[in-house]
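Structural features, examined
This is what each chain is made of:
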Amino acid sequence: MRSSASSGEERLAPVQEYYQVLHGVLGIYLTNRCNMRCAHCCVNSGPQERSRVDLATLLPQFADLANAGAIMAIHVSGGEPFLFPDDIRAIAAIGNLARIPVAVNTNGFWGRQVSKAELLLRSMPGVTQLIFSADTFHEKFLDTRHLRTGIAVALSLGIRIKVTVCTEAGLRTEYVKELENSFGTDLLSQMEFVVVPVEPGGRASALKEAYWRPDLRELPPGRCDVINRPVVMENGDVLACANTVTASRTDGNYLKIGNIREKKLSAILDDGKSSNFVRAMRVLGPKFLADQLPSQDRSKLRAFYPKDDICQLCEDLVAPSMRAGLERVLHSEQLSRAIFVAEAIAPVETFGFAGDAR
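In this report, we go over the structure that sits alongside the text. Please read all numbers here as calculations on a predicted model, not as lab measurements.

Calculation notes
- Residues numbered from 1 in each chain as written.
- Predicted model: local features only at pLDDT ≥ 70, side-chain atom pairs only at ≥ 80, totals over all residues.
- Heavy atoms only, no water.
- Patch = residues over 30% accessible without salt bridge, like charges linked within 9 Å, V, L, I, M, F, W, Y side chains within 5 Å.
- Areas by Shrake-Rupley, 256 points an atom, 1.4 Å probe, with all protein chains shown as cover.
- Salt bridge = Lys/Arg side-chain N within 4 Å of Asp/Glu carboxyl O.
- Buried < 20%, exposed > 50% of the residue type's maximum accessible area, 1.4 Å probe, protein only.
- Core = buried A, V, L, I, M, F, W, Y, C linked by side-chain atoms within 4.5 Å.
- Helix = DSSP H or I, 4+ residues; strand = E, 2+ residues; numbered from the N terminus.
- Contact = heavy atoms within 4.5 Å.
- 1 Å grid on protein atoms, 1.4 Å probe; cavity = no way out; pocket = protein on both sides within 12 Å on 5 of 7 lines; lining within 4 Å.
- Points joined across faces, edges and corners; volume = space filled by probe spheres on them.
- Nonpolar A, V, L, I, M, F, W, Y, C, P; charged D, E, K, R; others polar.
- Pairing = 2+ DSSP bridges.
- Axes fitted to C-alpha atoms, helices over the stretch in contact; angles between N-to-C directions.
- Parallel < 35°, antiparallel > 145°, perpendicular 65-115°, else oblique.

Section: a nonpolar patch on the surface
- A cluster of nonpolar side chains, contributed by F340, V341 and I345, occupies part of the molecular surface with about 350 Å² of accessible area.
- Looking at V341, the relative accessible area reads 45%, which means it is partly exposed.

Written as structure tokens, this is what we have:
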């Protein structure tokens, strides 16, 4: 169902089910403004920020793609999106009409009173999932009782719930156990509860617990999952990658694939799908590209990389100093063959296009 358990409709899938599909999920980074200023925030959001997506430009283009089935799910993030409830309503209305899932990240500040929380969520038909942030950093600004209230109200309305807790190295700390106990078995049984590590970036770069990965004298292996999910940023930039911290720091058009003020969103997404960089990253990974670089360019890479941190390697690959060498690799016949083979043998559920997962 969309956001009311009484409608009798089957609930739409969580947005995570479409993460592996190329452009299956479109992200909208609604704002960098937040009513909290958490120490681990990797995007430096806070009350002083004023950025906000230009919905007047985005929504008509976005609606066309959603109604045509070119987008399978919507993920709204920030900042704190619920500071702009009218914007959420407008986005969710498109998802509601197109019958696709709409997930919204939130800290849950609006859950202080049951009646007000219910009124707010009922005013947003089309919101099918809420992804709450809850950890020791957020607890300095919000009592977890309010978080529980918001979660309970959302569940009563048929909205899917995911709770994400950040800890050092993603460990199940005493705080995590206490939080689970405070929710109780009934609430926990109805939602997804995950623990993830604090990572460097933004204000988190000043936290020692963000540097939990050991440095290794080798390039981290692995393909990229998050490059499947493009994100429209507040300034209109469309990033090819859902890791907005890394993608927004890069230059050129490898991860910044366009701007909705300058080009239609559909054309920008087409550019992303046809990009050899995007295609190589999702089926081969940054190490494969790095290994193809001329020796003089490969020597510019770091001697050590944090274990399994392919994002850092990706950011280094797209640095201006690497452009000439990387361009030669991206236009090489060897890479084209490798991409063709990797895409051909990859299972549909892992690397499928939007039409494959319907």
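Now, onward.
What about the nonpolar core?
- F62, F82, L130, V163 and F277 are the most contacted members of the largest nonpolar core, which totals 100 residues.
- Residue contributions to this core peak at 7 residues, all from helix α1 (residues 55-67).
- When residues no more than four places from it in sequence are discounted, the contact partners of L130 are F82, V104, W110, L121, A154, I159, R160, I161 and K162.
- Counting 10 residues, the second-largest nonpolar core is a separate cluster that includes A13, V15, M72 and I131.

Quick notes on the layout of surface pockets
- If you add up the space inside the second largest pocket, you get close to 210 Å³.
- The wall of the second largest pocket is formed by N253, Y254, I257, D271, S275, N276, F277, E327, L330 and H331.
- Among the elements of the structure, α9 (276-283) and α13 (323-330) are those that each provide at least two residues to the lining of the second largest pocket.
- A breakdown of the residues in the lining of the second largest pocket according to their chemical character gives 4 nonpolar, 4 polar and 2 charged.

Observations concerning the sheet that holds strand β2 (residues 73-78)
- Taken in spatial order, the 9 strands of this open sheet run β6-β5-β4-β3-β2-β1-β8-β9-β10, and their pairing is mixed. Single-partner strands in this sheet number two, and they are β6 (192-197) and β10 (256-259).
- The pairing of strand β1 (residues 25-31) with strand β8 (residues 231-232) spans 2 bridges and is classified as parallel. Bridged to G27 within β8 is V231.

A few points about the packing of α1 against helix α8 (residues 265-274)
- Where α1 contacts α8, the two axes come as close as 9 Å, and the packing angle between them is 60°. The angle between α1 and α8 falls in the class oblique. Where α1 approaches α8, its residues L58, Q61, F62 and L65 are matched on the opposing element by L265, S266 and L269.
- For the contact of α1 with α8, the per-class residue count stands at 5 nonpolar, 2 polar and no charged.

What to know about unusual backbone geometry
- If you check the backbone angles, R99 has positive phi at about 60° while not being a glycine.
- With respect to the secondary-structure elements, R99 resides in the loop between α2 (85-98) and β3 (102-106).
- Classification of R99 as partly exposed rests on a relative accessible area of 30%.

As far as function goes, none of this settles anything; it's purely spatial.
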